[in-house]
Amino acid sequence: MTALTAMLIRDIRLSVRLGGGALTGVLFFLIVVTLMPFAIGPDLGLLARIGPAILWLGALLASLLALDRLISADYEDGSLDLILTARSPLELALATKALAHWLTTGLPLVIAAPLLGFLLNLDPAATGAVALTLLAGTPALTFIGLIGAALTVALRRGGLLIAVLVLPLTVPVLIFGVAASNAAIVGPVPFGVPFTILCALTLMSAVVGPFAAAAALRHGLE
Amino acid sequence: MPLIDLANPTRFLKLSSRILPWFAAATLIVFALGLWLIASAPDDYQHGAAVKIMFIHVPAAWLSMGCWTVMTIAALGTLVWRHPLADVAARAAAPLGAAFTAMCLITGMLWGRPMWGAYWVWDGRLTSVLVLFLMYLGVLALWRTVEDPTRAARAAAVLTLVGAINLPIIKFSVDWWSTLHQPAAVLRLGGPTIHPSLLTPLLVMALAFLLLFITLHLAAMRNEIMRRRVRTMLMLQAEAAGR
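Residues numbered from 1 in each chain as written. Chains lettered and ligands numbered in written order. Predicted model: local features only at pLDDT ≥ 70, side-chain atom pairs only at ≥ 80, totals over all residues.

**Student:** Kindly report on the overall build of chain B, identifying the contributing residues and their values.
**Tutor:** When its secondary structure is counted, chain B shows six helices and zero strands. Secondary structure elements of chain B, listed N to C terminal, follow the sequence α-α-α-α-α-α. For chain B, buried positions account for 35% of its 243 residues. Summarising the internal contacts of chain B: among those between residues at least 6 apart in sequence, 79% fall at separations of at least 24. (Helix = DSSP H or I, 4+ residues; strand = E, 2+ residues; numbered from the N terminus. Buried ≥ 20, exposed ≤ 12 C-beta atoms within 10 Å, placed from the backbone. Contact = placed C-beta atoms within 7 Å.)

What follows is the structure, encoded as structure tokens:
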């Protein structure tokens with residue numbers, strides 16, 4: 001277990017220090033949300049209505065952009081070979097890497113979402129609902145993205161391919177994330193129904209993601 | 001002959017060259033029969049002659065899902081037994097599946113224009129087929145990006161299995177989404193019954209499409225095996241020339 005803890009701390013350190021680029025995702029998130037009113041007009045009522053959808057799309061794209069560094073940095077400097085031959089199971093090691101990645105790229109998006117909610121004229125309850133759904137849903141995006149990152153790790157221009165492979169798989173997360181936010185704001189479905197399904201999606205991707213990614217790495221790198 | 005012998009690519013080539021003409025002929029005959037039945041089928045009282053699109057649309061929809069099933073079984077063969085013929089089967093099925101899904105979408109849009117007044121509505125079924133189409137394109141993109149065929153096969157196999165787990169979830173969530181956002185205003189042909197005068201041609205056309213898929217799949221697998229042999233020969237040649 002200590003090896004995994006050490007890896008978690010190492011990954012977090014690497015991404016918050018110089019060259020890690022942990023907060024670039026938040027900056028991208030801010031820019032996407034700023035661009036939206038330019039595209040659809042500054043109507044505050046409309047913005048409040050589609051605000052949860054804008055925040056979810058922005059968070060989805062921002063978490064997608066960070067994915068190509070999830071494994072490829074370790075592949076380039078050779079530490080992935082050590083992880084592959086290490087005694088701790090590859091599945092657990094990858095789950096740890098995904099957790100560290102979520103803590104440094106996903107969690108900042110969740111924290112930034114309430115601030116961006118002001119820009120979109122969301123009232124406090126709606127903002128809280130969106131932040132809560134993002135907290136429950138963004139880990140699923142990271143774990144699904146882990147599969148895409150593992151499949152494309154050895155490719156040179158894998159970034160665009162990750163997006164093509166991963167985005168269709170994130171459809172359920174997006175649907176239930178936005179649905180739960182809207183259910184808390186306007187109803188008519190109770191908040192708990194889509195929200196528990198969203199949590200279930202996250203738990204399931206936390207299981208499927210590391211196993212599929214480990215299979216992809218074992219078969220792809222030999 | 002035991003089934004395992006088929007797993008030898010050379011034996012597969014020999015056997016498939018023998019049965020391929022029979023499948024091709026059967027495809028032609030059943031298609032001719034199906035088209036004749038369609039021509040003599042009555043128009044629907046609601047859809048008019050547009051109902052005839054169904055005879056292409058529904059079999060294509062069935063095969064769009066069937067191709068992913070074939071790819072899933074082949075993916076298990078790739079990952080569990082590491083068999084090159086399973087790679088070839090998965091590789092050959094992917095473009096066919098994408099083509100059948102595209103055919104399903106296009107015929108559905110042509111049918112939707114006179115019936116719903118729009119080429120596209122964001123209905124649950126349409127949307128999940130569209131996501132299926134995107135996933136086929138993703139698998140094809142992965143096949144085209146990884147250079148080494150064995151590694152490409154394994155990557156595509158992992159993606160296919162993940163897709164097989166996710167496709168029912170996507171279908172469920174899209175259905176949930178569409179019932180939440182709009183009422184079920186779309187025609188439901190499935191429902192309780194289809195009149196036998198329409199059902200018989202539909203089943204014959206489904207058989208014709210199945211035979212078409214088997215024929216094309218066998219032919220594509222043969223092409224893929226030969227393409228790999230050409231690739232190996234070229235590499236050997238390059239190696240000999242470099243020496």
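**Student:** Break down the interface of chain A and chain B for me, citing the residues and quoting the values.
**Tutor:** With 20 residues of chain A at the interface, the matching set in chain B holds 23 residues. Looking at the side of chain A that touches chain B, the elements that each hand over two or more residues are helix 7 (124–151), helix 8 (159–166), helix 9 (171–185) and helix 10 (192–220) of chain A. Residue composition of the side of chain A that touches chain B, grouped by class: 18 nonpolar, two polar and no charged. (Nonpolar A, V, L, I, M, F, W, Y, C, P; charged D, E, K, R; others polar.)

**Student:** Please give an account of the environment of Arg243 of chain B that cites residues and values.
**Tutor:** All names here are of chain B. Along the chain, Arg243 falls in the segment after helix 6 (196–242). Given 5 C-beta atoms within a 10 Å radius, Arg243 is considered exposed. Along the sequence, Arg243 and Leu142 sit 101 residues apart, while their C-alpha atoms lie 33 Å from each other.

**Student:** Any chance you could break down the nonpolar core for me, citing the residues and the numbers?
**Tutor:** With 129 residues, the main nonpolar core has Ala113, Ala150 and Ala216 of chain A together with Ala90, Ala93 and Val158 of chain B as its most contacted residues. The element that contributes the greatest number of residues to this core is helix 7 of chain A, accounting for 15 residues. The residues contacting Ala90 of chain B, other than those within four sequence positions of it, are Met71, Ala74, Ala75, Thr78, Ala153, Ala156, Ala157 and Thr160 of chain B. (Core = buried A, V, L, I, M, F, W, Y, C linked by C-beta atoms within 7 Å.)

**Student:** Can you explain the confidence of the model for chain A? Please cite residues and give values.
**Tutor:** Of all residues in chain A, 97% have pLDDT values of 70 or greater, and the mean over the chain is 85. When mean pLDDT is compared element by element in chain A, helix 7 of chain A scores highest at 90, while helix 4 (residues 72–77) of chain A scores lowest at 83. (pLDDT = per-residue confidence, 0-100.)

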